[in-house]
Amino acid sequence: MEIVLIGNEKGGTGKSATVHGLANALVGLGYRVLAVDFDPSGNLSRAILPDFPQWVLYDVFTGACSLDDAIYHTEICDILPTIKELALEIAPADEFLLASKNSKSLTQLADRLAGRTGAEMVLRNLLRSEKHNLASRYDFILIDSAPSDNILITNAIVAADSIIIPCEPSQTGLDGVWMFISSVTTARRSYIHAKAQIDGIVMTKYTEDGSNFKESIQSIREAAEQNNLYLYNTVMRHSNNVAHAMGHCRPILSYLDSFLGSGHGPVDALNLALEFLAARGLEPKVNFPGVQRNENGVLFYAKPKKKEASEV
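Sequence positions are assigned chain by chain, starting from 1 and proceeding in written order. It should be noted that, the model being predicted, local features are given only for residues of pLDDT at least 70 and side-chain atom pairs only at 80 or more, the latter also being counted only at that level, while totals for whole chains, interfaces and linings use all residues. Just so you know, side-chain values use all the structure's heavy atoms and leave hydrogens and water out.

## Describing helix α7 (residues 171-190)
Every α-helix carries 3.6 residues per turn, so stepping three or four residues along brings you back to the same face.
Reasoning step 1: Relative to the 28 Å expected for 20 residues at 1.5 Å per residue, α7 spans 29 Å between its end C-alpha atoms, a close match to the ideal helical length.
Reasoning step 2: On its buried face, α7 sits against β1 (2-6), α6 (151-159), β8 (162-167), β9 (197-206) and α8 (214-226). Secondary structure is summarised from DSSP: a helix means a run of H or I of at least four residues, a strand means a run of E of at least two, and numbering begins at the N terminus for each. Expected span of a helix, by definition, is 1.5 Å for each gap between consecutive residues, and there is one gap fewer than residues. By definition in these notes, contact holds between two residues if any of their heavy atoms fall within 4.5 Å.

## Focus: the pattern of salt bridges
Reasoning step 1: We define a salt bridge as a side-chain nitrogen of Lys or Arg found within 4 Å of a carboxyl oxygen belonging to Asp or Glu. Tallying each qualifying case throughout the model produces 8 salt bridges.
Reasoning step 2: The closest approach of N and O atoms between R32 and D139, which form a salt bridge, is 3.2 Å. Within this pair, whereas R32 is found in the loop between α1 (15-28) and β2 (33-38), its partner D139 is found in the loop between α5 (122-127) and β7 (140-145), the two being separated by 107 residues in sequence.
Reasoning step 3: A relative accessible area of 37% means that R32 is categorised as partly exposed.
Reasoning step 4: Put simply, D268 and R237 hold a salt bridge, and the shortest N to O gap is 2.7 Å. Here the residue D268 occupies a position in helix α10 (residues 264-278), and R237 occupies one in strand β10 (residues 236-237), the gap between them amounting to 31 residues. A 1.4 Å probe rolled over the protein chains alone gives each residue an accessible area, and that area as a share of the maximum for its type sets the label: buried under 20%, exposed over 50%, partly exposed in between.

## Focus on the sheet that holds strand β4 (residues 78-80)
Backbone-to-backbone hydrogen bonds pair the strands of a sheet. The strands run either parallel or antiparallel.
Reasoning step 1: A pair of strands is treated as paired once DSSP finds two or more bridges between them. Within the open sheet, the 8 strands sit side by side as β3-β4-β2-β7-β1-β8-β9-β10. Their pairing is mixed. Among the strands making up the open sheet, the edge pair consists of β3 (72-73) and β10.

## Quick look at helix α9 (residues 240-247)
Reasoning step 1: Regarding α9, the residues found buried are N241, A245 and M246. The arc enclosing the buried residues of α9, seen along the axis, measures out at 130°, which places them on a common side. Set apart from the buried face of α9 by more than 90 degrees, the exposed residues are A243 and G247.
Reasoning step 2: In the core, the buried residues of α9 are packed alongside α1, α2 (43-48) and α10.
Reasoning step 3: C249, located one to two residues past α9, shows a positive phi value of around 55°. Throughout, the arc means that of the directions going from the helix axis to the C-beta atoms.

What follows is the structure, encoded as structure tokens:
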């Protein structure tokens, strides 16, 4: 089992959309995936679960329910959801987060928790617990993290094996990348268990006619090269079917033959998943129509051509 953190300290860079698409594509390719919504906004939870869940991550941390109670099985992927009203206080007591009933401010809570030993280990302890044995149940756990530098980000970094950073083609998106990398570097220096490696940067929200983005895109490429960071070849293009899938709690792969736009969403999700697997020496566990090899033997997805009526 590999725990992968999807993070950027700027909001709106496509973190939840990247988790949603990558998770569903990996499931479609035969892998077992659990998505963990560790962002108090709860965007990923709402994009996967059509109904408000009875139990959420907050309840697991407070001991109100078991971990299994809060894991929901969907056609997109399995998910451990959160809620918008999430307010956490991390204490070094067992493996739980203790609820603060008098404060809703994550910033205030983070300030109070900054010096607490063990606070950074809570999510790691939960996901790696032998009691819950998630390692035998999932191939990948994808964490959608909060877009801010606080104890939640630290928990996610310490829990992760690897990190993917989505970056939209803008200077503010790139600034968020550097802030996030700074947080990762600080965590590595501060906590012995923070050993996650940055897997790479994924360019998101790209529009082919977005000429005003060209300078930012070039800046992202240059920054990745100068800092020895892998830039994924797959670009997560802006796509109407991504928004539609997340707004209606549907798998992105169900839009492969969609009438919504050009169908970039599922195509990009599959190619990101194939590139993600290839970096780990892995291939699809199932035969997926449209997955083929190029002249270099690299797997990629291309939409199968529809048969003409005379061929049917």
